[in-house]
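# Coordinate inspection notes
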Amino acid sequence: MTPPQAPGQRDLFPGALEMMVLQSLRRQPMHGYALVQHIRQRSNELLQVEEGSLYPALQRLLKDRLVKAEWEISATNRRVRTYRITAAGNRHLDREVSRFERMLEGIHLVLSPAEAE
Amino acid sequence: MSRLSHFFPRRRMYDDLSEEIRQHLEEKVESLIVDGLSREDAGHQARREFGNAALMEERSREVWLRPWIESLRADVRFALRQIGKSPGFALTAILTLALGIGANTGIFTLVHALLLEDLPVPEPGRLTQVDLHINSPNGDAWDAPMNFTFLESIRRHATSFSGIFGWSAQDFALEESTGSHLFAGAFVTGNAFETLGLHPAAGRMLAPADDQPGGGPDGWAAVISYRFWKQHDNADLSVIGSHVNLAGHSVTIVGVAPEGFEGVIDGARPDFYLPLSFEPAARGAESRLHLPGGLWLMLWGRRKPGVSLAAASAEMHTIFHAVVDETLPPQVRHSPVVEHATFVARPGGTGWNDMRVTYTRPLLLLQILVGVVLLVCCINLAGLSLARTASRQHEFATRGALGAGRLRLMQQLLVESLLLALCGGAFAILLAWLIDRGLLQFLPDSQGAQTLSVHPELSILLFTGACAVVCALLCGIAPAWAAGRVSIESVLRRSGQNTTGRIGFTGRSFVPLQAALTLALVVIAAMLATTVTRLRASHPGFHIENALLAGAHFDQLPQKDADLAALYRRMTARLEQMPGMEDASVVDRPPLIGFAHMGAFDAADAPPERYHTYKYQINDVGAHFFAAFGTHILAGRDFANDGNDQKDCILNRSAAAAIFGGRPVLGQTVREFNGSMDTGKTATRDCQVIGIVEDAKYVNLRDTPPPTVYYPITAATENLDSLTFVLHAGTLSEGRNAWHRVLHEIAPSTPEAEPIAVSVQLDNSIVRERLLSMLSAFFAALTLLLSGIGIYGLMASSVARRTTEIGVRMALGSTRAGIFILMLRRVTALLLPGILLGGCLAWFAARSIRSFLFDVNPGSPALFAAAIVLLALCGFSAAMLPARRAASVDPMQALRAE
């Protein structure tokens, strides 16, 4: 069986959301709502992540022990589940980012018209 | 978090998730309100931007589910639907499996209780039974218990054990306000409970300090069983420290044994444990405690950690001669019996069970038989579901076309058969319980429910589960394989047609295989049944009808010796006066109790021999015994039994022939040689032959009647306080009434025992054979039925498949009779290989069960022929209906359907 496909990933490639989440968490621990806001702002509102699709992604990261979660009280005095990146998550993110950069480079080479034979 | 902990607190994890999503939406709504939206609009927008919350939650949860669990869930759901669609098939399958698995579980429960169940003590694996292993000069070998002098000497020599204790079962008469009642008990050495590692439920256990001549600090100390404490004393703690009168002595109850502990001898279920040093007090002159020759005390040890059973056994073997030299008198030490004996260590963790000797092999045979029954069940179901698979080819092809892999299809079918097997297994547990209850009731009281505690247990449930899984695999593999092999294209191309498919070689080979196994079972059942018939019909040399045996318990009577012998005379005389009573007498060893008193005899004038074999059976009988028992006096006369006949004896025909050859016997003197194992001296006893009687079986119905010497009951008779009355009356109830009346009249204070009919005693003595015969007959009938169903199923589907062909044949001129014969020929073709294979199987099987048979030739052509005829009859009658349906096919209809 293929893993369930979140509709929010329609315009992203598989794993992109997870990568962004990990990158965000590397900067600072956050809860779900804050993560959505953060991704949206960082991408200059270019990426409209469907908010709900964040949760399956977070569960996948939890399952693979790339992040850990704890219930805390937020600055706004709200009970929130805060996610933190783990050591394994850090390593995974580095690997994924370099893989992603190589892939982008490849795509760029294929797409760039100057290199046409 | 480990993977395992992922699995269990899933509930909490899901709650966290829901809570988190709820909080997210709330926060969103609040921030939208801050941006100026109304609460209602904010709610709508938050939900829109979030997406389908329920779906997201579901997706998030699915992350944690393994894909195979998901697909399994789908399979189970689909399988339930499939089963629901064909309830007939499901019911047949579940019932068949319930019978097969139930029979296996039932027998396994008994095997478990008899052979596998550990004593409820810490580290039972280190418990060891130490036996005297005797090799008799005639080639027999058996294990015997020992005695106290051996125990003391072994303790001095053995180093393998952290403790060695002695144990001997003994019934005690407890004096109560309602009279004297017998309770099971045991003599144990003071260290027994300590070595076993048991702690009391109340009070204290026996300690070495209690096991002193004359008693310990509490006088004679006794520990009672938990069961006795509950039932008899209502679990009252004040019973600790109280005194009771046991075996004629005042005894202090010092403690209660832990719950569930029933002693080390299965089924003895002692209620009173007393120190071994109480033995001389309880048994008086009969005490054996300090005699070196008796074999009555079981020895148990707990091996030191790290000492293997083999090492302990080897040590016991090495110290044997040292122990014998220390304990036995020289003459005994060099007797052939002792020279060929040794000590052995046996595993003791499961306790000792005397049924083990009798029932281990029959039970294992039964376990094999039920295993075969289960195999036949599985073959039957495999055949049935294969036929079903054939008719579901279209479904499989469609699913294959939609992308289901071959393994996926196989998994689906295996899940279906597993579901059926588990349902069957659940019913099987119920059935097994019924079977066991029935079987235990079938056993005589002395065995059965008393001796085997049968109760549900994890290991039995595991066995049932394993049976179910194996069945599911056996029934499911062939159809799953066939389903996986379906060629999508060829099936779908025939789409729309009635695609019933062909049953391949595998399907056709099921019926012969089933027939073969069935034939083997039927042959074995027939042989075991014949054995019982032959045993019952074998002339035992005594009355079976209207004869009763009643045990006397006169050990607490004031009368002893000559007075007691006179009491027996008075009682038999009084019994004979009772209405309906024909003859009454007493005997030391009643027939068919499974053991005998053996002795060595020779003519008094024969040249002295060095070694006499103990091949003669000795029995002490009262006057009229032969009349009451129905054993004919061939020459001479009966005992007068007037107290002056202690020099008389009566021989049976075999004994007369063995001692005197062809010489005249009456009036001759016979000499008994009795070597004492305690002193090594050989005593002799001379007696004059006054009569010769016909041979009678004694120990069991299987053996040929042994040469027997009968002595009269006298004051010196050994077990004078516990002889058995033999009553021959017009009817059994007259005999019973007479017994109770006379007992009340003459010995009212003695414990009452219900007389047992000789016919019951006879049936009890062959209960093993009857059990085997009954069960194997039941299993054979079951497999015959299953084979019939199998043949019916195959023929019916074959007729359905070949309707067109039959139509063509008829159109071309075949008669209905011709078609009928054609179908029967097909059955023959299925049965013949089965009969050939089954014949071979049965031939080997019958040879391997030879020791269970009596007067039956394991190659008996008549029995084989009868079994084959039975199987063929069953096969043909099963095929009759489909064959007639084939013969009644309307050719026009059949061809039009094409």
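Keep in mind that what you see is a predicted model, and the values were worked out from it rather than measured.

What counts and how
- Residues numbered from 1 in each chain as written.
- Chains lettered and ligands numbered in written order.
- Predicted model: local features only at pLDDT ≥ 70, side-chain atom pairs only at ≥ 80, totals over all residues.
- Helix = DSSP H or I, 4+ residues; strand = E, 2+ residues; numbered from the N terminus.
- Rg over C-alpha atoms; globule rule 2.2 N^0.38 Å.
- Buried ≥ 20, exposed ≤ 12 C-beta atoms within 10 Å, placed from the backbone.
- Contact = placed C-beta atoms within 7 Å.
- Nonpolar A, V, L, I, M, F, W, Y, C, P; charged D, E, K, R; others polar.
- Pairing = 2+ DSSP bridges.
- Core = buried A, V, L, I, M, F, W, Y, C linked by C-beta atoms within 7 Å.
- pLDDT = per-residue confidence, 0-100.
- Axes fitted to C-alpha atoms, helices over the stretch in contact; angles between N-to-C directions.
- Parallel < 35°, antiparallel > 145°, perpendicular 65-115°, else oblique.
- Left-handed = near helix turned anticlockwise from the far one by under 90°.

## Comments concerning the overall build of chain B
- Of the regular secondary structure elements, chain B holds 29 helices and 22 strands.
- Relative to the compact-globule value of 29 Å for 898 residues, chain B shows a C-alpha radius of gyration of 37 Å, a clear excess of over 25%.
- With respect to the principal axes defined by its C-alpha atoms, chain B has extents near 115 × 95 × 60 Å.
- For chain B, the proportion of its 898 residues judged to be buried stands at 42%.

## Here we look at the overall build of chain A
- Along the backbone of chain A there are four helices and three strands.
- Listing each helix as α and each strand as β along chain A from the N terminus yields α-β-α-α-β-β-α.
- A total of 117 residues make up chain A; the buried ones form 32% of that total.
- Partitioning the intrachain contacts of chain A with sequence separation of at least 6 by distance along the chain shows that 54% fall at a separation of at least 24.

## Focus: the interface of chain A and chain B
- Listed per partner, the contact involves 19 residues of chain A and 22 residues of chain B.
- Of all elements in the fold, only α2 (32-42), α3 (54-63) and β3 (79-85) of chain A reach the threshold of two or more residues within the side of chain A that touches chain B.
- Considering each element in turn, the side of chain A that touches chain B owes the most residues, five residues, to α3(A).
- When its residues are assigned to classes, the side of chain A that touches chain B shows eight nonpolar, four polar and seven charged.

## Observations concerning the pairing of strand β15 (residues 616-621) of chain B
Residue and element names in this part refer to chain B.
- Counting buried positions along β15 gives six out of six residues, so the element sits mostly inside the fold.
- Of the two faces of β15, the one lined by Y616, I618 and D620 and the one lined by Q617, N619 and V621 are each fully buried.
- Sheet analysis places strand β14 (residues 597-603) next to β15, joined by three bridges and oriented antiparallel. Looking at β15, one finds that M598 is bridged to Q617.
- Two elements, β15 and strand β20 (residues 708-712), share five bridges in a ladder whose sense is parallel. Looking at β20, one finds that Q617 is bridged to T708.

## Quick look at the nonpolar core
All names here are of chain B.
- Ranked by size, the top nonpolar core spans 111 residues in total, and within it V373, C471, L519, L521, V522, V523 and I524 carry the most contacts.
- Among the elements that line this core, the one with the most residues is helix α14 (residues 354-391), at 20 residues.
- With residues near it in sequence (within four places) discarded, V522 still touches A780, L784, A867, L870 and L871.
- Core analysis: the second largest hydrophobic core is formed by 67 residues, F148, L151, W220 and V223 among them.

## Quick word on the environment of B:G807
Residues and elements named next belong to chain B.
- Position of G807 among the secondary structure elements: in helix α26 (residues 803-811).
- For G807, a count of 21 C-beta atoms within 10 Å puts it in the buried group.
- C-alpha separation for the pair G807 and K615, spaced 192 residues apart in sequence, amounts to 77 Å.
- Setting aside its immediate chain neighbours within four residues, G807 contacts V889, P891, A894 and L895.

## Topic: the confidence of the model for chain B
All names here are of chain B.
- Confidence along chain B averages 85 in pLDDT terms, with 93% of residues attaining 70 or more.
- Considering each helix and strand of chain B separately, the mean pLDDT is smallest for helix α1 (residues 3-7), with a value of 45, and largest for strand β9 (residues 272-275), with 96.
- Here residues 1-8 is a poorly scored stretch, pLDDT under 50, and it has two contacts once near neighbours within four places are set aside; other chains count.
- Between residues 495-501, whose pLDDT stays under 50, and residues either more than four places distant or in other chains, the model counts eleven contacts.
- At the level of chain-chain contacts, confidence expressed as ipTM amounts to 0.84, with global pTM at 0.70.

## What about the packing of helix α7 (residues 148-157) of chain B against helix α11 (residues 309-327) of chain B?
Residue and element names in this part refer to chain B.
- Two elements in contact, α7 and α11, have axes separated by 9 Å at closest approach and are oriented at 130 degrees. By the criterion of interaxial angle, the relationship of α7 to α11 is oblique. α7 and α11 meet at a crossing whose hand is right-handed. Contacts between α7 and α11 involve T149, F150, S153, I154 and H157 from the first element and I319, A322, V323, E326 and T327 from the second.
- Considering only residue class, the contact of α7 with α11 consists of five nonpolar, four polar and one charged.

## Concerning the sheet that holds β3(A)
Residue and element names in this part refer to chain A.
- Pairing is antiparallel in the open sheet, where three strands are placed in the order β1-β3-β2. A strand with exactly one partner marks an edge of an open sheet, and here the two such strands are β1 (30-31) and β2 (67-73).
- As defined by bridge partners, β2 adjoins β3 across seven bridges and the pair is classed as antiparallel. The partner of K68 across the bridge, within β3, is R84.

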